Amino acid sequence: MATDRRQAHRFQTSLDVDIRYLVDGIPIKGHGVEVGPNGMRVITHQPLMEAAYVHISFVSATNNTHCEGRVVWTQRAEDRSLFESGVDIQRWGGGVPGADVVYDIPDLKPVKDRRKRPR
């Protein structure tokens with residue numbers, strides 16, 4: 001049985017995000033669907049390059065919330081026309097509250113680790 005190796009819980013959401021590779025800044029539209037202080041899962045129409053460093057901006061955030069991280073894995077989503085990727089978040093920026101703020105939101109439940117085997 002696989003154990004959850006995450007450093008913090010992730011929470012189910014659906015946020016519009018703009019993703020840019022740090023090397024060339026090519027924009028990619030996507031959705032952040034599991035977000036936590038140390039990582040997130042994003043859904044895109046094209047695969048993200050594994051091991052690439054990315055800048056992710058939350059489109060509807062009025063406080064310029066963004067993060068930077070490294071794409072850890074990419075695979076086809078259940079909807080075969082989409083891709084999902086895991087991003088290891090290394091730095092948050094903008095008007096971001098402390099990492100513990102998510103625990104104060106009522107009725108928010110953590111997402112279980114869906115991974116079946118260690119990567």
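## A short note on the overall build of the protein chain
Phase 1 of the analysis: Looking only at helices and strands, the protein chain has zero helices and six strands in total.
Phase 2 of the analysis: When the elements of the protein chain are put in sequence order from the N terminus, they spell out β-β-β-β-β-β.
Phase 3 of the analysis: A buried classification covers 35% of the 119 residues belonging to the protein chain.
Phase 4 of the analysis: A total accessible area of about 7600 Å² is found for the protein chain, and carbon and sulfur atoms account for 52% of it.

## Points about the sheet that holds strand β3 (residues 39-44)
Sheets are built from strands paired through backbone hydrogen bonds, the pairs being either parallel or antiparallel.
Phase 1 of the analysis: In spatial order, the strands read β1-β2-β3-β6-β5-β4; together these six strands close into a barrel with antiparallel pairing. If you compare each strand with its neighbour and ignore which way they point, the axes differ by 45° on average.
Phase 2 of the analysis: Bridge count between strand β1 (residues 11-21) and strand β4 (residues 53-58): five bridges; the pairing is antiparallel. Residue pairing for β4: Arg-20 is matched across the bridge by His-55.

## As for the pattern of salt bridges
Phase 1 of the analysis: Tallied over the full model, the rule gives four salt bridges.
Phase 2 of the analysis: With a closest N to O distance of 2.6 Å, Glu-84 and Arg-41 form a salt bridge. Linking Glu-84 in strand β6 (residues 83-93) with Arg-41 in strand β3, this pair joins segments that are 43 residues apart in sequence.
Phase 3 of the analysis: Under the relative-accessibility criterion, Glu-84 is labelled buried at 7%.
Phase 4 of the analysis: Under the relative-accessibility criterion, Arg-41 is labelled buried at 11%.
Phase 5 of the analysis: For the salt bridge of Glu-68 with Arg-91, the shortest nitrogen-to-oxygen distance reads 3.1 Å. Taken together, the residues span a long stretch of sequence, with Glu-68 in strand β5 (residues 66-76) and Arg-91 in strand β6 at a distance of 23 residues.
Phase 6 of the analysis: The network of salt bridges with common partners includes Glu-34, Arg-41 and Glu-84.

Calculation notes
Residues numbered from 1 in each chain as written. Predicted model: local features only at pLDDT ≥ 70, side-chain atom pairs only at ≥ 80, totals over all residues. Heavy atoms only, no water. Helix = DSSP H or I, 4+ residues; strand = E, 2+ residues; numbered from the N terminus. Buried < 20%, exposed > 50% of the residue type's maximum accessible area, 1.4 Å probe, protein only. Areas by Shrake-Rupley, 256 points an atom, 1.4 Å probe, with all protein chains shown as cover. Pairing = 2+ DSSP bridges. Axes fitted to C-alpha atoms, helices over the stretch in contact; angles between N-to-C directions. Salt bridge = Lys/Arg side-chain N within 4 Å of Asp/Glu carboxyl O.

Keep in mind that these numbers describe shape and distance, not what the molecule does.
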